[in-house]
Amino acid sequence: MRPSQPSVPPARLRLLHTRLPAPGFGGDYNPEQWPPEVHAEDAELMKAAGVSLVTLGIFGWATSEPTPGAHDFGWLDPHMDSLADAGIAVCLATMTASPPPWLARRHPETLPVLDDGTRLHPGSRQHWCPSSPVYRTHAVRLVERLATHYAGHPALALWHINNEYGCHISRHCHCEVSTAAFRAWLRERYGTLDALNSAWSTDFWSQRYAAWDEIHTPRAAPSFRNPAQQLDYQRFSSDELLACYRAERAVLARLTPDTPVTTNFVPVAKTLDLFTWARELDVVSYDSYPDPHDPDAAHRAAFSYDVMRGLRDGQPWLLLEQAPGAVNWRPHNGRKPPGRMRHDTWQAIAHGADAALFFQWRQSRGGAEKFHSAMVPHGGPGTRTFREVTELGRELRKYPELLGARPAPADAALLLDWPNWWALELDAHPSTRLSYLDAALAHHKPLYDASVACDIVPTDADLTRYRLLLVPHLYAVSEETAARLTRYVHDGGTLVLSYFSGIVDEHDRVHLGGYPAPFREVLGLCVEEFAPRPDGSWAEVIRLEGAEAVMAFEGELDGLPAVTRHAYGAGTAWYLGMLPGPPALRTLLDRIRAEARVHPVLPDLPDGVQARTRITADGRSLHIVLDERALTVDVREGDRR
Amino acid sequence: MRPSQPSVPPARLRLLHTRLPAPGFGGDYNPEQWPPEVHAEDAELMKAAGVSLVTLGIFGWATSEPTPGAHDFGWLDPHMDSLADAGIAVCLATMTASPPPWLARRHPETLPVLDDGTRLHPGSRQHWCPSSPVYRTHAVRLVERLATHYAGHPALALWHINNEYGCHISRHCHCEVSTAAFRAWLRERYGTLDALNSAWSTDFWSQRYAAWDEIHTPRAAPSFRNPAQQLDYQRFSSDELLACYRAERAVLARLTPDTPVTTNFVPVAKTLDLFTWARELDVVSYDSYPDPHDPDAAHRAAFSYDVMRGLRDGQPWLLLEQAPGAVNWRPHNGRKPPGRMRHDTWQAIAHGADAALFFQWRQSRGGAEKFHSAMVPHGGPGTRTFREVTELGRELRKYPELLGARPAPADAALLLDWPNWWALELDAHPSTRLSYLDAALAHHKPLYDASVACDIVPTDADLTRYRLLLVPHLYAVSEETAARLTRYVHDGGTLVLSYFSGIVDEHDRVHLGGYPAPFREVLGLCVEEFAPRPDGSWAEVIRLEGAEAVMAFEGELDGLPAVTRHAYGAGTAWYLGMLPGPPALRTLLDRIRAEARVHPVLPDLPDGVQARTRITADGRSLHIVLDERALTVDVREGDRR
Amino acid sequence: MRPSQPSVPPARLRLLHTRLPAPGFGGDYNPEQWPPEVHAEDAELMKAAGVSLVTLGIFGWATSEPTPGAHDFGWLDPHMDSLADAGIAVCLATMTASPPPWLARRHPETLPVLDDGTRLHPGSRQHWCPSSPVYRTHAVRLVERLATHYAGHPALALWHINNEYGCHISRHCHCEVSTAAFRAWLRERYGTLDALNSAWSTDFWSQRYAAWDEIHTPRAAPSFRNPAQQLDYQRFSSDELLACYRAERAVLARLTPDTPVTTNFVPVAKTLDLFTWARELDVVSYDSYPDPHDPDAAHRAAFSYDVMRGLRDGQPWLLLEQAPGAVNWRPHNGRKPPGRMRHDTWQAIAHGADAALFFQWRQSRGGAEKFHSAMVPHGGPGTRTFREVTELGRELRKYPELLGARPAPADAALLLDWPNWWALELDAHPSTRLSYLDAALAHHKPLYDASVACDIVPTDADLTRYRLLLVPHLYAVSEETAARLTRYVHDGGTLVLSYFSGIVDEHDRVHLGGYPAPFREVLGLCVEEFAPRPDGSWAEVIRLEGAEAVMAFEGELDGLPAVTRHAYGAGTAWYLGMLPGPPALRTLLDRIRAEARVHPVLPDLPDGVQARTRITADGRSLHIVLDERALTVDVREGDRR
């Protein structure tokens, strides 16, 4: 069990708020790429745009330590000083995301290795093995020098540890060092080989280990790799990166105890168990990159913002990166039409953001991201983009009360669990076409479309706050969590559980006794067989044991139950043995919501219009109303709470 | 030339028959995955289901030899004893398919290497280099201990050597050990480098070898690899695995001379030259996994059963693995609806099976195959699957006379040749879209659809038994085989040869003199040019030299001969210069069959209904009539033979 | 800047002309693959076919140096002698394209390595690292022996250095030797690390180099690799192969100073900067393989012939390889119908070819190219192919005046630039769907369809000769080149520039100041944003600054300028902000051509009929008129020039 989440921002975070005039506004600032005359223009333009917060130094390692041990922050000092003078707060990066080329040259063993043995090389970024003690030692030394140098600097408002952990390859490494670290991690987890052999079901396929050093990370193999091994490797990989984070945070806690720390998460990613990570941050940060060509982009963004808000139990979070226009890293990159950037920024604030920063302040002239849009484009300030940036910066300053304003509580929640994600998407399943993220989005969508607020919660959340709980594909679940969900229904909650839930335990071992064994009682049914259909969809043979059928299958399983409802204790448990198409799912969820008395944020919103509410420190409700198609934004005062 | 095939089962096989009450029924039994209370239930349920034969110990190496040399079969003894007590025969695996993790740890050089240099690791199964003397030594030692331990045990009825040779990666290895073995194999085959250089046409592209140690397995290369080298590497790979098999068999022949041996072949696979392998078995075994989502699955199964029956010249074979329901290893796995398992089992028996076993007895709780269906599902005995299993087991006991019953002789045959398969599908061809297996299936289908029995025969079969012989794409053919086929027609046979036949010799060197040089006389034509069409299909320019055109091309080659007929000696030679669509091919084959007097097994069968006949030891004909759509099975007494 | 191109063939080339009776006719001759009786037939058939030029010895290294240092050309002498006797000129290969197997065995470090570390092996061809001093030493030694042996031989007419440089893998290597060579190349190019760091924009992503030996070739990396590094690596790769070429040429220049040299280029390939390479040849050679299944094949061929003619400023070139019929290396290979080979040969001559050779004389019996058609097919001389070859050989002899005849000057040109090609197709762009070759073909097509002659020119060409200049996607351009194009318009030229031009400099650094900064003045516009559309096409937001809109966007950018026209000085600059569909582009180009007074080669040609003109030494115009559909060819006398 995770410790309970903080419901009040920590003291360090309140200090951050005192540095900002309103929700933070700004971007990544990389002055090392530009000559002094540009720096002067930057200062003017930041003022014009109402910038209040910038991120500095993300890729500053090579500049700050050009040769091993020769740390020198002289290049950065003038920027820190002038930003302080301009009243702009600095989110200072620890610079450890990308080591200088000399590290790989001197210590090639720090380079990550893929599961087929390919060793990755420098030339892009994040080319380091998370388990490497050499990398960690160099990183921690850099952070010590940096924190010592800037402790107490008036610009320093927030630490940004590393960058986008788990993005690119730095998540998974199969080198010899990682292999040894994996063994140590397993030894810590299991204590004895017998325990590991049992957890990993190694009697299958003659895999029983007789010594710890026989164990590998899941390297390329002739056939399906042991699923429990794969699952533990994903846990290990998340943990190893977290250990890197913690090593840096420990230095900062010692040298700058009053400065809050964060790190930026990438678009809801499978790699890191964010609920575990978020406990270690003072404030959650997020990089949001909706695809302008994706018609579901606004919904995807809303979902991910709900995740970020949920990571620390409803605490506001920072939108630390977004693009003013196009990105560069998709194969084909659409622009954001006029108004889209403003709309998207307000959408983030509606869903709990306390800042709206961009990657990046000024568009790079060279390098791999020069076609990523920026607040100041290649074309300079005389562009639509910079005009819209300036207008947005000024607009946000009109809402100082939104900074730190509490997101209004939701009556509905969706359960998300990283280890389940890892387990669900392993191979050798009845169908490998199940995507946890797609399923979560599909379940979240009918609430979103109805402008119903929805929290995203972990398995150990306090569920009593919610009248409706959506639980997509909870394939891997402990007896304890299953019991909590059962109790939730018994005590009056409405649970919507979808197919391929309750199948295995945390070691990917089947809960025997008829699927889904730990949920059979609360659901009032048994799944006799999985029956994926030739069209790629899911189906299954459900035997009712108390539940009633609400929808039935067509085709091969014609007339057999597909969606069921079961009154249990004071509550109701719904089960989806298939995924209805969007209109049918909307109809079904509308019915379930109505029964559970879960309502839209505001009544009578037109189709396509969203509203979310934040509650100011003095108890005022501010409704932010967003029209995704017209790209309009309206901030309305609501009732006091 | 291969030695002539046995037409009578060997004495050892008759001993196996005495152990079974009827066609064998049962499955893979892996008791090491379960605690004792489950073993007790297993015994009861096996009895209820009429189990008569189980496969034990496939993945038992790690359990039996937990550390090097510490062999101990104590875990297995109680199971052998209680199965003997229950009158259940045991097909005992030699356990060598998957070495314990310690082998790779101590001898990493036993791990297989892909053609790009990637070394595969443990974590799944079959992670061994077939040429490794280290692996072979350990395997043979295990087999010695095992055979010594169980020689004379009352449960031991059949040896199951290794498992699914050639499946997964264990077929092809490019490590240094394999490279040396390949050189030795070539030296044995060619004697001199001059002979090799000539066979491999090394004057092309400056590839002439001056020393044996200059030769590699066909590793990743800048362009098309030498085709003769690729072809010999496939021969070598089949032979190296066969050498592993032989090493185990030699131990068993010495220690348990009266016990028959088998190994299970995987669905008709390109990897092993099964006609060569089958000579070394007492009985052929097969693992059959038709895809419930494949509308042609029943025909594919029938074809593969015809192959298995043909491997030892019509001798019955064992269905050693099938799934009662879904498998787990396709991306999306359909279930088998009610009646499908029974139908498919009877289909195998109709085509010559003497046993119907399943993978596996009890569905695993953990590991990579836990979602592979089993006779006892996760849901336990109270499931449709176990009910159908029990009914099937009881039904088979009613037909003791089917055990060992001889499949009725066929009037038609289809020629299949592994080296031709390897050669046909090499790269740098007029079209790489030719699939030998697809072509064989396409030629076999019109006979199947008409319920005509068809044998599958090797190039050295006694062809005089057949009135009709189908020969798809015999691209690589020796002068001698071509002469045998010519003589077959001359003596009165009807030959159907399809395009891209008679092109090269066994070293992939063109038969000069106009395609298809060794068949020009019997076919009465010359192929002047290959002319693959933009739509991906085949066409060619045929010059008639005695043959008559029966079908003509449309489009670019409009009016030129596409299908020809040539009366030659007492017989007829047909040539297909294209592959007609299924209805046209059916019409054509119906005509050819009528001329050749080849008829359905039973007259007047409705469309979609199949019949095949087995002849009991006392000469009774039993017609097994199968309706693939209604999933009905009918066993009818026929005439005495 | 490249030195100005030669407009008159060098003296050595005139010597070649004296050896030929008419445009050269023949093919690759590989007698080492055949026994003496075949050689005798070859001599007869060559005479019958009118062969005047053959390429000998391409893959002769292993035969000529069977063990290291044991050079012996005895096998080749009789062929050289008998060809001389028969009056057939020899294009003698230096034999260095494919080393014998012993080189890799003794020096495995000569084998090339892919960017993921995979080392390629012998077994096909061209398995050598271009930077390997070991390979180069062995190659140069072979050339020395060969040139010494055949200097002054009456058959020797032309040297063919290596073969198809840059095809297959020999273009790019990432081994340790290549890495060191890359560093040396960079040191030569940049002088200081500061210069390199600036050119490569290494302040981005913490990539600043502190020592030369920290730099790698662009190996597999966690994310997008540095674009300037990738670009320089492509320059380096082209240069390293050129260094191999030069090393051989230096030997030949010393030992056979009067014999011209060439090497054959593969179908317009991205790998080599051909404008740089062509300076080092006496005559350009080309291998042309239009795909019979490609409906645009004739146009693609015409384009590539225009490229070859442009490489040395209009000098005739040699068609050194084509296929009489099908090739073997596509997945599915169509044949050439009757008349196609003749038509295609004349098409090459129309576009400037001085020879028409085939790969190969006699179709190989074995090896990877045995299904590549040849002048003498497997079926022998009694085939359609050999008949057509013979007719063609005789026909060409009727046009001795075509040998060396000057291609008529064109009024239109298309600018092609290899470094721009490399830069344009780097990753992390607004769209990765831009293909330079496809764009060049699309721009060339409307001229081709109208039978308008078009030259292909480099950035430093003399543009004053052209009334119309097409410049597709000149993404990477120096200020100097941009100024030359601006001056071209100012002085009266008509420029058609298409989108994503003028974006970066030669180091992939953005030209700041609003896209396309160096072309804004001449175009009279600014591109404010790139706006690739969901359908995969390109769009952009154009702000007019003097230009007029001629076509407008539809959809999201409805009504905004898409194609513009700007009168500038005495000329006109057109800009395409999108690629219109073929009919609209044809209409647009017809209008532009009409304004620029650029006309078809002959008036009133029917649709689908092409004409091109060559001017004989005595000033006669010969119009070659080709009907691509009817496959007819007509050579008409035109006006004297």
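Details of the structure are given in the entry above.
As the structure is a prediction and not an experimental result, all values here were calculated from the model.

Draft legend 1. Examining the overall build of chain A more closely. When you go through chain A residue by residue, the secondary structure sums to 18 helices and 22 strands. Dimensions of chain A, computed from C-alpha atoms along their principal axes, come out at roughly 75 × 65 × 45 Å. Burial statistics for chain A: of 641 residues in total, 67% are counted as buried. Once local pairs closer than 6 in sequence are excluded, the contacts in chain A between residues at least 24 apart make up 71%. Counting only carbon and sulfur atoms, one obtains 51% of the accessible surface of chain A, whose full area is about 20,300 Å². Counting 64 positive and 79 negative side-chain charges, chain A places the averaged centre of each group 3 Å from the other.

Draft legend 2. Region of the structure containing empty space enclosed by the protein. Taken as a whole, the largest cavity holds about 310 Å³ of empty space. Contributing to the lining of the largest cavity are 23 residues, with Gln363 and Ser373 of chain A together with Glu528, Glu529 and Phe530 of chain C lying nearest its centre. Of all the secondary-structure elements, those providing two or more residues to the lining of the largest cavity are helix H13 (384-396) of chain A together with strand S15 (525-530) of chain C. The dominant element in the lining of the largest cavity, judged by the number of residues it contributes, is S15 of chain C, at four residues.

Draft legend 3. Examining the sheet that holds strand S8 (residues 317-321) of chain A more closely. All names here are of chain A. Reading across the sheet, the nine strands line up as S5-S4-S3-S2-S1-S9-S8-S7-S6 and stay open at both edges, with parallel pairing between neighbours. Among the strands making up the open sheet, the edge pair consists of strand S5 (261-262) and strand S6 (264-265). Bridge count between S6 and strand S7 (residues 285-287): two bridges; the pairing is parallel. When the sheet's bridge partners are listed, Asn264 is paired in S7 with Ser285.

Draft legend 4. Structural view of the pairing of strand S22 (residues 632-640) of chain C. For strand S21 (residues 620-627) of chain C and S22 of chain C, the ladder comprises seven bridges, and the chain directions are antiparallel. Its bridge partner being in S22 of chain C, Leu626 of chain C is matched across the sheet by Val633 of chain C.

Draft legend 5. Representation of the pattern of salt bridges in the model. Counted under the stated rule, the structure contains 138 salt bridges over all chains. Note that Glu65 of chain B is salt-bridged to Arg141 of chain B, the shortest N-O span being 3.0 Å. Of the two residues, Glu65 of chain B sits in the loop between helix H3 (61-64) and helix H4 (77-85) while Arg141 of chain B sits in helix H6 (residues 133-150), which places them 76 residues apart along the sequence. The partner of Arg208 of chain C in a salt bridge is Asp194 of chain C, with the nearest N and O atoms 4.0 Å apart. Of the two residues, Arg208 of chain C sits in the loop between helix H8 (193-199) and helix H9 (227-255) while Asp194 of chain C sits in helix H8, which places them 14 residues apart along the sequence.

Draft legend 6. View of the side chain of Glu32 of chain C. By secondary structure assignment, the location of Glu32 of chain C is in the loop between strand S1 (24-29) and helix H2 (36-49). Notably, Glu32 of chain C is buried but unbridged: the nearest opposite-charge side chain belongs to Arg208 of chain B, and the N-O separation is 9.4 Å. For Glu32 of chain C, the residues in contact, after removing those within four places along its chain, are Asp203 of chain B together with Phe59, Gly60, Thr63 and Trp75 of chain C.

Draft legend 7. Summary view of the relation of the copies chain C and chain A. Superposition record for chain C on chain A: RMSD 0.1 Å, screw rotation 120°, translation along axis 0.0 Å. Viewed as a symmetry operation, the transformation between the two copies matches a three-fold axis. Distance from the rotation axis, computed per C-alpha, reaches its smallest value in chain C at Thr118 of chain C: 4.9 Å.

Criteria and thresholds
Every chain's residues receive numbers from 1 upward, in the order its sequence appears when written. To read the labels, note that chains go from A and ligands from 1, taken in the order they are written. Two thresholds apply to this predicted model, a pLDDT of at least 70 for residue-level local features and 80 or more for giving and counting side-chain atom pairs, whereas whole-chain, interface and lining totals are computed over all residues. Hydrogens and waters are ignored; side-chain quantities use all the structure's heavy atoms. A run of DSSP states H or I qualifies as a helix once it reaches four residues; a run of E qualifies as a strand once it reaches two. Both are numbered from the N-terminal end. Think of it in three bands: residues with accessible area under 20% of the maximum for their type are buried, residues over 50% are exposed, and the middle band is partly exposed, with areas taken using a 1.4 Å probe on protein chains only. Contacts between residues were defined by any pair of non-hydrogen atoms, one from each residue, lying within 4.5 Å. Every accessible area reported is derived by Shrake-Rupley at a probe size of 1.4 Å, with residue values counting cover from the shown protein chains alone. Asp and Glu count as negative and Lys and Arg as positive, but His and the ends of the chain are not part of the count. Taken as the charge centre is NZ of Lys, CZ of Arg, CG of Asp or CD of Glu, depending on the residue. Cavities and pockets were defined on a 1 Å grid built over protein atoms only: a cavity is a set of grid points that admits a 1.4 Å probe from which the probe cannot escape, a pocket is an open set flanked by protein on both sides within 12 Å along at least five of seven lines, and lining residues are those with an atom within 4 Å of any such point. Grid points are joined across faces, edges and corners, and a volume is the space filled by probe spheres set on the points. DSSP-based pairing: two strands are paired if at least 2 bridges between them are found. Whenever a carboxyl oxygen of Asp or Glu lies within 4 Å of a side-chain nitrogen of Lys or Arg, that contact is scored as a salt bridge. Residues below a pLDDT of 70 in either copy are left out; the C-alpha atoms of the rest, at least 70 in both, set the least-squares superposition of the copies.

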